[in-house]
Amino acid sequence: MADGLMTSDAKDGVRDERGLTYPFADLPAPGDAVAVAPGVQWMRLPMPIALNHINVFAIEDGEGWALVDTGLGIEETRGLWDQILAGPLGGHPVTRVICTHMHPDHIGLAGWLCERFDAPLLMTRLEYVTARMLVSDTGKAAPRAGETFYRAAGWDEAQIETYRREFGRFGMAVSPMPAGYVRISEGDRIRIGGHDWRVVVGEGHSPEHACLWRESDDVVLGGDQILPRISSNVSVWPTEPEADPLGDWLVSLERMKTVLPESALILPSHGEPFYGVHTRLDALIRGHEASLKRLERSLKEPKRAVDVFGSLFARPVGDGVRGMATGEAIAHLNYLARQGRATRTRDADGVDWWTATPIEEA
């Protein structure tokens, strides 16, 4: 989803856009922090990709700080953490590192920070195990199953060769993961700085994504589960080609509406902190439902996964995001198939062709 248009003038730093309220006028400068709630500091780390930043947070924890997410494991990010730790965090130690999920921008420096401060890593089990699995792919040859998966999606031989060449890059922006971790699960309450933070798990964007909710004042560290202006990537990958992550995602969004109060301040991993969580969850659900309807209409004639990008994405899909776009296209196609709204046929060349299921007349 593209950035929304501002619908009212900014007053005293508060802005309203498409039903969401953004209460903070200024973004954190590199190496600096902004206080966004009692005991909670917001930092912003750059990333050398189209999504050019990640928000990370520090929560006062006794004489130190509990960190939530870490940024990519690259030299620039390490340097900024040095500035943050010595500057706005006052040189106090890191007591623990909490990662919402296993993507490299969230776990990239988890191992580095944990080792530096002899601090534990807290994650859900599926996120930790999946991260360890993907990091272990670094330096290995691409599996034949991956080639089969992308050929079925409609990739040509040059694109499959790029996949072979770039396989295992996940671990290149992740420092060595700690050999052990502390498991967190749905409904757990983590005591940080004299306050309980409740774990609320979502699925679809990643296997077992953890949000943290301080119920005493309704502050929610939302990770990638609830972003204000874009919809998180929901993809099928070669490791589980028959998965239905979009079904998981939609169920999670509906559940979040029943769990989180509308009054919550959402601290997302990308974009700016905002109020209006139910409005945003409804918009995310409507967006996917509209995409599914467009996709279903486009399948009157058989199409490959790569042929349906125009039904799902507002911008052309370039080589740099082809893998994510393909994964998201297959996620939508698998969802339609699970709903009995589309069928798939594999031809003699190993390419899958998807067709909308005819509606039976009464």
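This is a predicted model, so every value here is computed, not measured.

## Some remarks on helix H3 (residues 110–117)
Listed in full, the buried residues belonging to H3 are Ala110, Gly111, Leu113 and Cys114. Down the axis of H3, the buried set is contained in an arc of 165 degrees. They therefore lie on one face. Looking at the buried residues of H3, the elements they touch are strand E6 (64–68), helix H1 (75–86), strand E7 (94–98), helix H2 (104–107) and strand E8 (121–123). Two residues or fewer after H3 comes aspartate 118, characterised by a positive phi angle close to 50 degrees.

## Focus on the pairing of strand E10 (residues 189–192)
Here E10 shows one buried face, formed by Ile190 and Ile192, and one open face, formed by Arg189 and Arg191. As paired strands, E10 and strand E11 (residues 195–202) are joined by 4 bridges and run antiparallel to one another. Bridging from a neighbouring strand, isoleucine 192 pairs with histidine 195 of E11.

## A closer look at the state of the cysteines
For the structure on display, the rule yields 0 disulfides. Take cysteine 114: it sits in no disulfide, and the sulfur closest to it among the cysteines is that of cysteine 99, at 7.2 Å. Overall, cysteine 114 belongs to the buried group, its relative accessible area being 5%. The cysteine cysteine 211 is free of any disulfide, with cysteine 99 supplying the nearest cysteine sulfur at 14 Å.

## Concerning the pairing of strand E12 (residues 209–214)
The buried fraction of E12 amounts to 6 of the 6 residues, a majority that puts the element mostly inside the structure. Pairing geometry for E11 and E12, over 5 bridges, is antiparallel. Paired with glycine 202 across the strands is histidine 209, a residue of E12. Bridging between E12 and strand E13 (residues 219–223) involves 3 bridges; their strand directions are antiparallel. By the bridge assignment, tryptophan 213 is partnered in E13 with valine 220.

## Topic: the packing of aromatic side chains
For the coordinates displayed, the defined rule picks out 8 aromatic pairs. Ring centres 4.9 Å apart and planes at 85 degrees place the aromatic pair phenylalanine 149 and tyrosine 150 in the edge-to-face group. We note that phenylalanine 149, like tyrosine 150, is buried. Three or more aromatic residues joined by ring pairs form one cluster here, namely Phe149, Tyr150, Trp155, Tyr163 and Phe167. Directly above the aromatic system of tyrosine 22 lies the positively charged group of arginine 229, at a separation of 4.5 Å from the ring centroid.

## Description of empty space enclosed by the protein
In total, this model carries 1 cavity of 30 Å³ or more according to the counting rule given. Considered as a void within the structure, the largest cavity measures approximately 30 Å³ in volume. Among the secondary structure elements, those contributing two or more residues to the lining of the largest cavity are strand E5 (53–61) and E13. For the lining of the largest cavity, the residue count by class is 4 nonpolar, 4 polar and 1 charged.

## Some details on the environment of valine 97
Mapped onto the elements of the fold, valine 97 is located in strand E7. We classify valine 97 as buried; its relative accessible area is 0%. Residues valine 97 and proline 38, spaced 59 residues apart in sequence, show a C-alpha to C-alpha distance of 19 Å. When sequence neighbours within four positions are dropped, the list of residues in contact with valine 97 reads Leu67, Thr70, Ala110, Leu113, Cys114, Pro120, Leu121 and Leu122.

## Here's the deal with the pattern of salt bridges
For the structure on display, the rule yields 22 salt bridges. The salt bridge involving aspartate 61 is made with arginine 96; its shortest N-O contact spans 3.0 Å. Placement of aspartate 61 in strand E5 and of arginine 96 in strand E7 is noted, with a sequence separation of 35 residues between them. Side by side, aspartate 61 and arginine 96 carry an identical accessibility label, which is buried. The closest approach of N and O atoms between arginine 255 and glutamate 186, which form a salt bridge, is 2.5 Å. Remark: glutamate 186 occurs in the loop between strand E9 (182–183) and E10 and arginine 255 occurs in helix H7 (residues 245–259); sequence separation between them is 69 residues. By relative accessible area, arginine 255 is classed as partly exposed at 30%. Taking the relative accessible area as the measure of exposure, glutamate 186 reaches 34% and is therefore partly exposed.

## Details of a positive patch on the surface
Judged by side-chain charge, Lys293, Arg294, Arg297 and Lys300 come together as a positively charged surface patch. Relative to the elements of secondary structure, arginine 297 occurs in helix H8 (residues 277–298). Under the relative-accessibility criterion, arginine 297 is labelled exposed at 52%.

## Details of the sheet that holds E5
In spatial order, the strands read E3-E4-E5-E6-E7-E8-E9; together these 7 strands make up an open sheet with mixed pairing. Edge positions in the sheet fall to strand E3 (34–37) and E9, since each has one partner strand and no second. Where E3 lies against strand E4 (residues 40–46), 3 bridges are found, and the strand directions are antiparallel. Residue alanine 35 lies in a different strand from E4, and its bridge partner there is glutamine 41. Those strands touched by H1 are E4, E5, E6 and E7, and its axis lies near 155 degrees from that of E4.

Definitions and limits used
Along every chain, residues carry numbers that run from 1 in the direction the sequence is written. Thresholds applied to this predicted model are a pLDDT of at least 70 for local features of residues and 80 or more for the giving and counting of side-chain atom pairs; totals over whole chains, interfaces and linings are not thresholded and use all residues. As a rule here, side-chain values come from all non-hydrogen atoms in the structure, and water together with hydrogens is ignored. Remark: exposure states derive from per-residue accessible area (1.4 Å probe, protein chains only) relative to the maximum for the residue type, with buried under 20%, exposed over 50%, and partly exposed in between. For helices the rule is a DSSP run of H or I covering at least 4 residues; for strands it is a run of E covering at least 2, with both sets numbered from the N terminus onward. By arc we mean the arc of the directions from the helix axis to the C-beta atoms, nothing more. Note on contacts: a residue pair qualifies if any of its non-hydrogen atoms lie within 4.5 Å across the two residues. Between any two strands, pairing holds if DSSP finds at least two bridges. Disulfide: a pair of cysteine sulfur atoms within 2.5 Å of each other. When two rings of Phe, Tyr or Trp (its six-membered ring) have centres within 6.5 Å they constitute a pair, described as stacked for plane angles under 30 degrees, edge-to-face for angles over 60, and tilted for the intermediate range. Put simply, a charge is over a ring when the Lys NZ or the Arg CZ is close to the ring centre, within 6 Å, and near the line of the ring normal, within 35 degrees. Here a cavity denotes grid points, spaced 1 Å and computed from the protein atoms alone, that fit a 1.4 Å probe unable to get out, and a pocket denotes an open set having protein on both sides within 12 Å along at least 5 of 7 lines; residues with an atom within 4 Å of a point are the lining. Grid points are joined across faces, edges and corners, and a volume is the space filled by probe spheres set on the points. Three classes are used, and their members are as follows: Ala, Val, Leu, Ile, Met, Phe, Trp, Tyr, Cys and Pro are nonpolar, Asp, Glu, Lys and Arg are charged, and the others, Gly among them, are polar. Salt bridge, as used here, is a side-chain nitrogen of Lys or Arg placed within 4 Å of a carboxyl oxygen of Asp or Glu. Patch definition: residues above 30% relative accessible area lacking any salt bridge, with like charges linked at up to 9 Å and the nonpolar side chains Val, Leu, Ile, Met, Phe, Trp and Tyr linked at up to 5 Å. All accessibility values rest on the Shrake-Rupley procedure with a 1.4 Å probe; residue burial counts only the protein chains present in the view. Charge assignment: positive for Lys and Arg, negative for Asp and Glu; neither His nor the chain ends contribute. Every charge is mapped to an atom, namely NZ of Lys, CZ of Arg, CG of Asp or CD of Glu. The axes are straight lines fitted to the C-alpha atoms, using for helices just the contacting stretch, and the angles between their N-to-C directions are given from 0 to 180°.

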